[in-house]
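Overview (structure and organization)
Listed below are the residues making up each chain.
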Amino acid sequence: VKAVEQGRIIFENIRKVIVYLLADDFSEIFVLFGALAFGFPIPLLPAQILFIDIIEDTFPVSALIFGKEKNEFLMKERPRKLKDPFFNRNYIKWLITIFFIGGLALFISFYGILIFSKDINLSRTFSFALTAIDSLMFALVVSSFRRSVIRHDLFSNKYLILALIFGVLLIGAAVYLPTLQQVLNTVALSFRYWLLILGISITELILLEITKYWFLNRKL
């Protein structure tokens, strides 16, 4: 029984990591291809994408590996058949929804800030910070496929909490430290922009939780 339980935990953690990485990468690809298709400036520079994908995302991914779903959920599921796909139709539908939610939020906010400020570096810094914060928020969403972010044991994975705190510090360093500003072409953001980023990220979080329930947990 313990072996089965451990096997299910490992399988679930692998699926969490893959969903997390796919959602992050494809949302960025969605925005880049959208910008190229319309002939607009790209919202994120290569150095900024690399910083998010290689440096900042490393810590949430590592933390998700150590996550442990409650036994009452994992051990009540029927055994998986050998021919069952890694992602069933519901997971694929949810992934596609995630791509559009994250991609559209970034696309609209970038060009909105660009039109409002007329400052390409400010707009890209805003998009960079929004993408990075979204990435941290999404780690909370995929920490459980069966339960919402608002749950009593949210802080049970101490590695994930530490990863989120460290991720926020990395974002702050990338935006405000002069050395990283030169490398990443970022500029300092005022408090109102952070409030806007937080508002957009919370809205996305709510939408992701609703769609997670709809596609993965709704009883048909």
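Residues numbered from 1 in each chain as written. Predicted model: local features only at pLDDT ≥ 70, side-chain atom pairs only at ≥ 80, totals over all residues. Heavy atoms only, no water.

On to the confidence of the model for the protein, then. For the protein, per-residue confidence averages 90 on the pLDDT scale, and residues scoring 70 or more make up 96% of the total. Taken element by element, the predicted model of the protein shows its lowest mean pLDDT in helix α4 (residues 71-74) (68) and its highest in helix α8 (residues 178-184) (96). (pLDDT = per-residue confidence, 0-100. Helix = DSSP H or I, 4+ residues; strand = E, 2+ residues; numbered from the N terminus.)

One pass over the full model with this rule turns up 18 aromatic pairs. Ring plane angle 75 degrees and centroid distance 4.7 Å describe the contact between Phe59 and Phe166, whose orientation is recorded as edge-to-face. Taken together, the residues Phe59 in helix α3 (residues 58-65) and Phe166 in helix α7 (residues 158-176) connect sequence positions 107 residues apart. Residue Phe166 is classed as partly exposed on the basis of its relative accessible area of 37%. With centroids separated by 6.0 Å and ring planes inclined at 40 degrees, the aromatic side chains of Phe87 and Tyr91 adopt a geometry described as tilted. In terms of burial, Phe87 and Tyr91 fall into one category: buried. Counting every residue linked through ring pairs, the aromatic cluster contains Phe11, Tyr20, Phe86, Phe87, Tyr91, Trp94, Phe138 and Phe145. We note Lys158 situated over the ring of Tyr159; from NZ or CZ to the ring centre the distance is 5.7 Å. In this arrangement the basic side chain of Arg218 is found over the ring face of Trp214, its NZ or CZ atom lying 3.6 Å from the centre. (Phe/Tyr/Trp six-rings, centres within 6.5 Å; stacked < 30°, edge-to-face > 60°. Buried < 20%, exposed > 50% of the residue type's maximum accessible area, 1.4 Å probe, protein only. Lys NZ or Arg CZ within 6 Å of the ring centre and 35° of its normal.)

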